[in-house]
Amino acid sequence: MHLLIPAAGSGKRMGADRNKLLLQVRSKPLIAWTLLAAEAASSISWIGIVSQPQDWDKFKSIIAELKLKKTIELISGGSTRQESVYNGLQALPSNAGQVLIHDGARCLATPDLFNACSEAILNCSGLIAAVPVKDTIKVVDDNGIIKSTPERKQLWAAQTPQGFDVKLLKQCHAEGVRQGWEVTDDAALFEKCGIEVRIVSGEETNLKITTPQDLAIAEFILSYRE
Ligand SMILES: Nc1ccn([C@@H]2O[C@H](COP(=O)(O)OP(=O)(O)OP(=O)(O)O)[C@@H](O)[C@H]2O)c(=O)n1
Ligand SMILES: C[C@](O)(CO)[C@H](O)COP(=O)(O)O
């Protein structure tokens, strides 16, 4: 299975002075944990890291230090996650029939989750890892007034990995460019194009490391895994 890792963000919400994926978590850069999980997933054979060229030397050092055995390529990132994935898709080897996309910032995803998604995508066109939401969710207007309360049993929190048929995902991204759609995950492009996307059971611990609080939680979770 081919895996694309969007890793080209700037980490504004983290408030750090560099790409948050280079921050240390339990004595390793955050992206190192993501790469170790992908390396340990038996289903993954090729990894493309989509990142800003200014970070490439640092990423190369991390890859060398981890002594990863899988084929890894660095691909230029875009100015949004959507653009970064688009660039990653153009750089996939021509024999890639399916692809998993996994945020570099989700450094707690397990090898088992990668393997479950790799297996499931062989039997459908699109999937995402997701978990049912536990809170009651409110739809709120610009004045801070609640407009509605959607029924919780239909609400799922989207995670990555997200898996797709490569040909269809390329078509959906191209349509997104034509229509000017701006989305925060790839499944949303499938949805807008009217193509079915399935849920695979995600992991409660599969956080996207977004704020300093998330970093502290990741430290805690990893301390139990070592
Ligand atoms: N231009 C971008 C923006 C984001 N990402 C990646 O998409 C994932 C999810 O994005 P997010 O957590 O929002 O990361 P940042 O964009 O770095 O954070 P922020 O939105 O707080 O600036 C991350 O692995 C990030 O590196 C990317 O590849 N290219
Ligand atoms: C893809 C994603 O991680 C699913 O939860 C998320 O949508 C990324 O969004 P962000 O706005 O870039 O954090």
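Residues numbered from 1 in each chain as written. Chains lettered and ligands numbered in written order. Predicted model: local features only at pLDDT ≥ 70, side-chain atom pairs only at ≥ 80, totals over all residues. Heavy atoms only, no water.

**Student:** Lay out the pattern of salt bridges in plain terms, naming residues and giving numbers.
**Tutor:** For side chains bearing opposite charge, pairing can occur when the charged atoms are close. Here the structure, examined in full by the defined rule, presents 8 salt bridges. In this structure, the salt-bridge partner of D141 is K147, at a minimum N-O distance of 3.7 Å. The class for K147 is exposed, based on a relative accessible area of 55%. Put simply, R81, D103, R106 and D186 are held in one network by salt bridges that share partners. (Salt bridge = Lys/Arg side-chain N within 4 Å of Asp/Glu carboxyl O. Buried < 20%, exposed > 50% of the residue type's maximum accessible area, 1.4 Å probe, protein only.)

**Student:** Give me the lowdown on the UniProt feature "site: Positions MEP for the nucleophilic attack" (unreviewed entry) in the protein chain, citing residues and values where you can.
**Tutor:** Sites flagged by UniProt as "site: Positions MEP for the nucleophilic attack" (unreviewed entry) map to R152 and K208. Among the residues just listed, K208 line the largest pocket. By the secondary structure assignment, R152 is in the loop between β9 (146–148) and β10 (156–165). Each residue touching R152, except ones within four places of it in the same chain, is listed here: V133, K134, D135 and T136. (UniProt positions renumbered as here; feature names shortened; annotations may be inferred. 1 Å grid on protein atoms, 1.4 Å probe; cavity = no way out; pocket = protein on both sides within 12 Å on 5 of 7 lines; lining within 4 Å. Helix = DSSP H or I, 4+ residues; strand = E, 2+ residues; numbered from the N terminus. Contact = heavy atoms within 4.5 Å.)

**Student:** Explain the layout of surface pockets to me, using residue names and the numbers behind them.
**Tutor:** Empty space within the largest pocket amounts to approximately 1,000 Å³. As for the largest pocket, its lining consists of 41 residues, and the residues nearest its centre are R13, T80, R81, Q82 and T184. Of all the secondary structure elements, the ones that give two or more residues to the lining of the largest pocket are α3 (81–90), β10 and α5 (166–179). When residues in the lining of the largest pocket are grouped by element, the largest group, 6 residues, is from α3. Forming the boundary of the second largest pocket are 13 residues, of which V131, P132, K134, A157 and E204 lie nearest the centre. (Points joined across faces, edges and corners; volume = space filled by probe spheres on them.)

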